[in-house]
Amino acid sequence: MDRWFSSYRRCRNYGNIVDKLPVNTRKWDFPKCGANHDRDINSAINIWAAGLAASVCRANVKLNKNTSVG
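Residues numbered from 1 in each chain as written. Predicted model: local features only at pLDDT ≥ 70, side-chain atom pairs only at ≥ 80, totals over all residues. Heavy atoms only, no water.

### A few points about the environment of D40
Quick note on the threshold: The helix and strand labels rest on DSSP assignments: H or I over at least four residues marks a helix, E over at least two residues marks a strand, and numbering proceeds from the N terminus. Here a polar contact is taken to be a pair of N or O atoms separated by no more than 3.5 Å, where protein atoms must pair a possible hydrogen donor with a possible acceptor and residues adjacent in sequence count only if both atoms sit in side chains.
On the secondary structure map, D40 appears in helix α1 (residues 39-57). When the C-alpha atoms of D40 and K27 are compared, they prove to be 8.8 Å apart, with 13 residues separating the residues in sequence. Within the structure, the side chain of D40 is placed 2.8 Å from the side chain of R26, a separation counted as a polar contact.

Structure representation (structure tokens):
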């Protein structure tokens, strides 16, 4: 995945991204939908979902700035 993929700021329910989220914030409510997120769990679910989508759809997943697979 791209190292700049905002997995922790992206709502795992709706895909919206919160503009700013301080690093020390461990749990937060998404302002648009009110979903409550644990930063680490939310990030893990988003990364898993992106990897699954890439695997199933044979999509290109940018691993870093120089390589991609798919």
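### Observations concerning the pattern of salt bridges
Worth spelling out the cut-off: The working definition used for a salt bridge is a side-chain nitrogen of Lys or Arg within 4 Å of a carboxyl oxygen of Asp or Glu.
Applying the stated criterion across every chain yields a total of one salt bridge. With its nearest N and O atoms 2.8 Å apart, the salt bridge here joins D40 to R26. Here D40, found in helix α1, pairs with R26, found in the segment before β1 (27-29); they are 14 residues apart in sequence, far enough to count as distant.

### Side note on the nonpolar core
Spelled out, the test is: By nonpolar core we mean a set of buried residues, namely Ala, Val, Leu, Ile, Met, Phe, Trp, Tyr and Cys, connected to one another through side-chain atoms within 4.5 Å. Burial classification: accessible surface area is computed with a 1.4 Å probe over protein chains only, and a residue below 20% of its type maximum counts as buried, one above 50% as exposed, and the rest as partly exposed. The contact criterion used throughout is that any non-hydrogen atoms of two residues lie within 4.5 Å.
Judged by nonpolar contacts, C11, V18, L21, W28, F30 and A35 together constitute the single largest core of six residues. With near-sequence residues (within four places) excluded, V18 lies in contact with R9, W28, F30 and P31.

### Details of the side chain of R9
The criterion, for reference: For the purpose of counting charges, residues Lys and Arg are taken to be positive, whereas Asp and Glu are taken to be negative. His and the chain ends are not included.
Topologically, R9 is positioned in the segment before β1. Although R9 is buried, it makes no salt bridge; D19 carries the closest opposite charge, 5.7 Å away. Of the polar contacts made by the side chain of R9, one reaches the backbone oxygen of V18; its length is 2.8 Å. Residues within four places of R9 in sequence aside, it is in contact with N16, I17, V18, D19, K20, L21, W28 and F30.

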